[in-house]
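# What the coordinates show
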Amino acid sequence: MENKAVVNRIIPFSNVDGPGNRLAIFFQGCNISCIYCHNPETINRCISCMACVSGCPSGALKTCDEGVIYDEKVCTECDRCIKTCRYNSSPRAKIYTVDELYKIIDDYKLFIRGITVSGGEPTLQAEFITELFKRVKPLGLTCFVDTNGFFDRERISGLIEAADKFMVDIKAIDNIDILCGTTMKNNIENLKYLLRLNKVYEVRSVIIQDYMDVENTLFTVASILKEYPEVIYKLIRVHTQGLRDEQKEKVKDKVPSAEYVRQLGEKIRDIGVRKVELII
Amino acid sequence: MRSKMSDILDVVTSKGLTYQQKLYNLANIAERLLDPREILEYTDEEMMYIENDMICDLNEGYAIYRPRYIVPDYYVLLSKGCKFLDLKPPTDLDELLDSLLILYNHVPSITSFPVFIGDLDKLMEPFITDEEKDYIKIKRFLNHVDKAIPDSFCHADIGPEKTKAGELILRAIIELENPTPNMTIRYDKDITPRDFALKAAEACLRVSKPSFSNNKKYYSDLGDHRIVSCYNALPHGGGAYTLPRLRLGTIVKGVRSLDELLSDRLPKVTRAMASMIDKRIRFLVEKSNFFETSFLVKEGFIKRENFSAMFGIVGLADAVNYILKLEGLNEKFGTSKRGDEIGHSILKVISDIANSHEGVYCERTNNRYLLHAQVGASLSQEDYDNTPAHRIRVGEEPILPVHIRQASPFHEYFTSGTGDLFALDQTYLNKLDAVLDIIEGAFASGARYITTYLHNTDLIRVTGYLVKKSDAFKAGQGHATLRDTDILGYGTNDRAHVFERRVRVDGK
Ligand code: SF4
Ligand code: SF4
């Protein structure tokens, strides 16, 4: 059977998903669920409950035997459907073959330096993405993976080989389940592994108080990264813009002060990380 | 268009014009009082197309006494000085900048202000000795240009090579935030070092200049050229005699089919414009004595043999939308495949006629007049129905990546200049690499000229020249402002809502 994957959306020009101008593909499906997730609609596959269909104000959604049919042309991107969905999914996700994605990428190749796969958690679609990367590389484009670091190295070894670089979002180290609802713990080990292979472009951590071991996480990562002067460490202050009401409730009192984030940045520089970026 | 005696009093008593603007306007009215049928031997048919607004002569006038655009070779000043102005070849930066400012006063154009003020970086480079001290001089010089040449069509070039002077100029324009001079970096990724290009991209975002021109492409079409005025590519040491334009959005009105447009109306009007250009050039070269009297010619700053003429078009989007409607399609130019086909079929007819017409006194460009995508102006009610050049109507643009791919193929026709503008959001300031990727991609796909700016800057490009948004609004309310282009800026915004151009956030 042909390799297919569900894609939440494609951004043809992105300047925040790695170096230069890149085409970013957001795959549907995630293995964790973070308190502050800004794209919760990418977490699960649609189960065709049809709850979103009647709420669409522009008639972009229809039902059929296989589930929801989505009409891109009339959609106004009002996002009402993803707010309605109680399963953290989206009726606008689309199934693509490697060939179909390749054609889209080929169309934009003059303007981009590479592609970045994100999600969701793209390593869940490792097989599909490996095939995609092998097709795309001969176009002279670099292939990046944006991951949370929770993956089975054996299972995705082909992807690790095919990818140029990873961007790793280290959520926390201890008590990850409070923040991300998962018992997996291998993110730091995986980060070290990718670093040894020289496959890391940047590491990110979102800073939220109480839900994570802020200093433990940041300083542990920093002491690892100090051996890799080329790798960027990006600290992001959590924000509530665009979150759902129930998320806002949980996050709103946990936003660290800008000053605190700056101090953390300084400490990380003191530990020996060369490239620190703050998003405050 | 001809002027009326009553225009004189209107100008004299205007509250919205400065003394200098009144003076130039009065001179322009005088040039347009004469009847072109008598002085230039325009036919009744040619005259009809001016009067029904299908052809716009941009109020160039009929008693023509200087070329529209003059592109002096300022290197002559370095090697020989200027006898007419009693200037010796400069020996240091002060003398150079002084001599340039003096010379600018004597370079004519359609607006009477110079449309090209030189390869500023390369002219200055031999004289750079002390970076910090020289920086102050360069900044003062650029500020002087902004205040003494109150016309945003005044244009300077830098690049493609990296120079110390070029870097100082970029630093100064960011600090000054002045509309004038307009500026272009002639960019060639095989010559321009990346760090210099990134600095230029940053300046382009912050103060909307320099724009990027595709130097390789222009070089292969035109040889030794410079970018002047809005984004006009013209032979160096020469220029353009004249630039009339076809108002496509007007020409299309009343046709019953695309075929009628392509096989009947459009060829007639286009041919009339070609013969009008012939007559204008003949008068200028044979009767006006410009080339016999100008010291610029005598001393080698310009040569008659380096002049050509420009064949302008405006309002492609409007013409295409009209035909799409005729064909019963609910689509708009910019996001319609059929629309692009119609657009290309229109330009093909025009370029075929322009390329088979034997031009006069244009040996530098193989006796051909060069197509130009004119940026628009507000001279008639009809200009409301003529979107600049081949641009997509503001508000109807697709997302940036699609937009660039739609626009690039249209650049091909316009040897003497066209350009596209994209407003980017703040995040690109930290991602200049991405800006350069986009520009390089556009050039690789055939684009000639690209400019970008941040949506929230006060200094923005109207259609090809820079104005401060605040000045344009002031002018629009009838207050006198320094630059004649401020009021043009207001007119253009009024028609085309260019200040509300779609902002690009991450490819959106
Ligand atoms: S975003 Fe969803 S609800 Fe809104 S128009 Fe599109 S499909 Fe319909
Ligand atoms: S997107 Fe959500 S609400 Fe809509 S059908 Fe799928 S699961 Fe149901």
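Here the structure is a predicted model, which means the values were calculated and not measured.

Opposite the 22 residues of chain B that make contact, chain A presents 16 residues. Each partner contributes to the roughly 1600 Å² buried at the junction of chain B and chain A, and carbon and sulfur atoms together form 55% of this total. Where chain B packs against chain A, one counts three salt bridges. Where chain B packs against chain A, one counts four residue pairs in polar contact (both at pLDDT 80 or more).

What follows deals with the UniProt feature "domain: Radical SAM core" (unreviewed entry) in chain A. Taking the numbering used here, the UniProt-annotated feature "domain: Radical SAM core" (unreviewed entry) corresponds to residues 16–274 of chain A. The span residues 16–274 of chain A is 31% helix and 19% strand, and its two end C-alpha atoms sit 20 Å from each other.

All names here are of chain A. Between helix α2 (residues 98–108) and helix α3 (residues 126–136), the shortest axis-to-axis distance is 10 Å and the interhelical angle comes to 40 degrees. With respect to each other, α2 and α3 are oriented oblique. Crossing of α2 against α3: the hand is right-handed. Touching Val-98, Asp-99, Leu-101, Tyr-102 and Ile-105 of α2 are Phe-128, Glu-131, Leu-132, Arg-135 and Val-136, all from α3.

The subject of this paragraph is the sheet that holds strand β10 (residues 245–247) of chain B. Residue and element names in this part refer to chain B. In space, the four strands of this open sheet follow the order β1-β10-β12-β13, with mixed pairing throughout. At either end of the open sheet lies a strand with only one pairing partner, and these are β1 (55–56) and β13 (370–373). In terms of strand pairing, β1 meets β10 through two bridges, oriented antiparallel. In the strand pairing of β10, Cys-56 is matched with Arg-245.

The local shell around ligand 1 holds 14 residues, among which Cys-56, Ser-58, Cys-75, Cys-78 and Cys-81 of chain A are the closest. In the shell around ligand 1, the residues fall into eight nonpolar, two polar and four charged.

It is worth spelling out a negative patch on the surface at this point. All names here are of chain A. On the surface, Glu-2, Glu-100, Glu-127 and Glu-131 cluster together to form a negatively charged patch. Position of Glu-2 relative to the elements: it lies in the segment before β1 (4–14). Classification of Glu-2 by relative accessible area gives partly exposed; the value is 47%.

For chain B, per-residue confidence averages 91 on the pLDDT scale, and residues scoring 70 or more make up 89% of the total. This complex was scored by the predictor with a pTM of 0.86 and an ipTM of 0.82.

Turning to the sheet that holds strand β5 (residues 94–97) of chain A, a few remarks are in order. All names here are of chain A. Reading across from one edge, β5-β1-β2-β6-β7-β8-β9-β10-β11 is the order of the nine strands in this open sheet, with mixed pairing throughout. Where the open sheet ends on each side, the last strands, each with one partner, are β5 and β11 (275–279). Across this sheet, the average inter-strand angle for adjacent strands is 30 degrees, counted without regard to direction. Across four bridges, β1 lies against β5 in antiparallel orientation. Directly across from Ala-5, in β5, lies its bridge partner Tyr-96.

The subject of this paragraph is the domain arrangement of chain B. When its domains are assigned, chain B resolves into domain 1 (1–33) and domain 2 (69–236). Placing the centre of domain 1 of chain B and that of domain 2 of chain B at their C-alpha centroids yields a distance of 32 Å.

With that out of the way, let us pick up the side chain of Lys-199 of chain A. Residue and element names in this part refer to chain A. Secondary-structure assignment places Lys-199 in the loop between α6 (187–196) and β9 (200–207). Buried within the structure, Lys-199 lacks any salt-bridge partner; its nearest side chain of opposite charge belongs to Asp-164, at an N-O separation of 6.2 Å. There is a polar contact of 3.2 Å between the side chain of Lys-199 and the backbone oxygen of Glu-161. The residues touching Lys-199, leaving out its near neighbours within four places in the chain, are Ile-160, Glu-161, Ala-163, Asp-164, Lys-165, Phe-166 and Leu-194.

Our next topic: the packing of aromatic side chains. The tally for this structure, following the rule as stated, stands at 21 aromatic pairs over all chains. Between Phe-13 of chain A and Phe-111 of chain A, the ring centres sit 5.8 Å apart and the planes meet at 40 degrees, which makes this aromatic pair tilted. Linking Phe-13 of chain A in strand β1 with Phe-111 of chain A in the loop between α2 and β6 (114–118), this pair joins segments that are 98 residues apart in sequence. Exposure class is identical for Phe-13 of chain A and Phe-111 of chain A. Each is buried. One aromatic cluster is present, formed by Tyr-74, Tyr-104, Phe-116 and Phe-141 of chain B through successive ring pairs. Between Arg-135 of chain A and the ring centre of Tyr-102 of chain A, over which it is positioned, the NZ or CZ distance is 4.1 Å.

Procedures and definitions
Within each chain, residue numbers correspond to sequence positions counted from 1 in written order. By the order in which they are written, chains take letters starting at A while ligands take numbers starting at 1. Local features in this predicted model are restricted to residues of pLDDT 70 or higher, and side-chain atom pairs are both shown and tallied only at a pLDDT of 80 or more, whereas totals for entire chains, interfaces and linings draw on every residue. Calculation of side-chain values draws on the structure's entire complement of heavy atoms; hydrogens and water are dropped beforehand. Only heavy atoms enter the contact rule, under which two residues are in contact if any of them lie within 4.5 Å. In short, buried area is how much 1.4 Å probe accessible area vanishes from two parts on joining, totalled over both. Salt bridge, as applied in this entry: a Lys or Arg side-chain nitrogen positioned within 4 Å of an Asp or Glu carboxyl oxygen. Counting of polar contacts relies on pairs of N or O atoms within 3.5 Å, with two restrictions inside protein: one atom must be capable of donating a hydrogen and the other of accepting it, and residues adjacent in sequence are counted only when both atoms are side-chain atoms. UniProt positions are given in the numbering used here, feature names are shortened, and annotations may be inferred rather than shown by experiment. Strands here mean DSSP runs of E at least two residues long; helices mean DSSP runs of H or I at least four residues long; both are numbered from the N terminus. A fitted line through C-alpha atoms represents every axis, and for helices the fit uses only the stretch in contact; the resulting angles, taken between N-to-C directions, go from 0 to 180 degrees. Each angle receives one of four descriptions, namely roughly parallel if under 35 degrees, roughly antiparallel if over 145, roughly perpendicular if within 65 to 115, and oblique otherwise. By convention the crossing between two helices is left-handed if the near helix lies anticlockwise of the far one by an angle smaller than a right angle, and right-handed if it lies clockwise. A pair of strands is labelled paired if DSSP reports no fewer than 2 bridges between them. Neighbouring residues are identified by heavy atoms, a residue being near a molecule or strand if any of them is within 4 Å of it. Here the term charged refers only to Asp, Glu, Lys and Arg, the term nonpolar to Ala, Val, Leu, Ile, Met, Phe, Trp, Tyr, Cys and Pro, and the term polar to all other amino acids, Gly among them. What goes into a patch is any residue over 30% in relative accessible area without a salt bridge, connected to like charges within 9 Å or, for nonpolar side chains (Val, Leu, Ile, Met, Phe, Trp, Tyr), within 5 Å. For the accessible areas, the method is Shrake-Rupley and the probe is 1.4 Å, while residue cover comes only from the protein chains on display. For the charge count, each Lys or Arg is scored as positive and each Asp or Glu as negative, with His and the chain ends excluded. Working definition for charges: the position is that of NZ of Lys, CZ of Arg, CG of Asp or CD of Glu. Partly exposed residues are those whose accessible area sits between 20% and 50% of the maximum for their type, while under 20% is buried and over 50% is exposed, using a 1.4 Å probe and protein chains only. As a per-residue measure, pLDDT reflects the predictor's confidence and takes values from 0 up to 100. Delimitation of the domains relies on an automatic or database domain assignment. Aromatic rings from Phe, Tyr and Trp, with only the six-membered ring used for Trp, were paired whenever their centres fell within 6.5 Å, and each pair was classed as stacked if the ring planes differed by under 30 degrees, edge-to-face if by over 60, and tilted otherwise. Counting as a charge over the ring demands two things of the Lys NZ or Arg CZ atom: a distance within 6 Å of the ring centre and an angle within 35 degrees of the ring normal.

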